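Architecture and fold: a report
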Amino acid sequence: MYGTVYSIYAIANCGDMTGLDECTSKTGLESLYQEYANYSALFNENNCLHLSGKVEVLVDQENQDIMLPLKRLVSKLTLKIDKSKLDSDVSMSIHTVRIYNSNTKVHYFQDSKAESDNTYYYFRLLRYTTSDIFTTGEVFYLPENLQGDLLTTSPSEIYHRPPDGYSNICTFVEVQVIYQSSTIYNGGLCYKFFLHDGIN
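For every chain, the first residue of the written sequence is number 1, and numbering continues from 1 onward in sequence order. pLDDT decides what is reported in this predicted model: residues at 70 or higher carry local features, side-chain atom pairs at 80 or more are listed and counted, and totals for whole chains, interfaces and linings draw on all residues regardless. Side-chain numbers come from the whole structure's heavy atoms, not from hydrogens or water.

1. Quick notes on the confidence of the model for the chain
For every residue, the predictor reports its confidence as pLDDT, a number between 0 and 100. When pLDDT is averaged along the chain, the result is 83, and 84% of the positions lie at 70 or above. For the chain, the element scoring lowest by mean pLDDT is strand S8 (residues 119-127), at 68; helix H1 (residues 26-31) scores highest, at 95. Numbering of helices and strands runs from the N terminus, with a helix taken as a DSSP run of H or I at least four residues long and a strand as a DSSP run of E at least two residues long.

Encoded structure:
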């Protein structure tokens, strides 16, 4: 009917979902979510990421064009390590990169965050034999995990750690490196990066 506002929902790369009971109502559609039990589950059988989008549109003419942008259910993170500031006698290599505390339940049409019962503690492990992480960077895809503004009291990046009660549900990347120096230290070092969308 002309003059009516319609809510249009779309999901891509997730197979045929039209037979689900949830697809018969707006409430049902907004309750739908994708489960990610492990890293490979982020991709479908064709190695494509899951997409979704919704738009409300006023239909007021025949043959009306409607734009419905789709977004990934996961965020893209490129991890690149800059060694240019190291002293001349220092060498550093990456032993492992791990992703911790991934959200396993991501909604298609609403914000998502990890809870105590849907957090995958040990999500991904990479062992490095190449130098890609120092040149082009290593690309990760991570499920949405919106825990809110937890850093208002920690403006400096070196203090970006989640407050009590959040350390087991906030997503972070752990980098284990082998550090060698003739004057300072020889051995392993561990860096942890808690992920956020701030500018600091």
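2. Some remarks on the nonpolar core
Ranked by internal contacts, the top residues of the largest apolar core, which has 27 residues, are Leu 42, Leu 79, Ile 81, Ile 94, Val 97, Ile 133 and Val 175. Mapped by element, the contributors of at least two residues to this core are strand S5 (74-79), strand S6 (90-103), strand S9 (138-143) and strand S10 (172-181). Top contributing element to this core by residue count: S6, with four residues. Dropping the residues within four chain positions of it, Leu 79 is found in contact with Val 97, Ile 133, Gly 137, Glu 138, Phe 140, Val 173 and Val 175. The criterion is simple. A nonpolar core is a set of buried Ala, Val, Leu, Ile, Met, Phe, Trp, Tyr and Cys residues joined through side-chain atoms within 4.5 Å. Exposure classes here rest on a 1.4 Å probe applied to the protein chains alone. A residue is buried below 20% of its type maximum, exposed above 50%, and partly exposed in between. Residue contacts are defined here by distance: any two heavy atoms, one from each residue, within 4.5 Å place the two residues in contact.

3. Regarding the packing of aromatic side chains
To pair, rings of Phe, Tyr and Trp, with the six-membered ring standing in for Trp, must have centres within 6.5 Å; the planes then decide the type, stacked if under 30 degrees apart, edge-to-face if over 60, and tilted in the middle. The tally for this structure, following the rule as stated, stands at six aromatic pairs. Centroid distance Tyr 9 to Phe 109: 4.8 Å. Interplanar angle 85 degrees. Geometry classified as edge-to-face. Here Tyr 9, found in strand S1 (residues 4-12), pairs with Phe 109, found in the loop between strand S7 (105-107) and S8; they are 100 residues apart in sequence, far enough to count as distant. Residue class for Phe 109 comes out buried when judged on its relative accessible area of 8%. Judged by centre distance (4.9 Å) and plane angle (15 degrees), the rings of Tyr 100 and Phe 172 are stacked. In this pair, Tyr 100 is assigned in strand S6 and Phe 172 in strand S10, connecting sequence segments 72 residues apart. Of the aromatic side chains, those joined through ring pairs into one cluster are Tyr 9, Tyr 108 and Phe 109.

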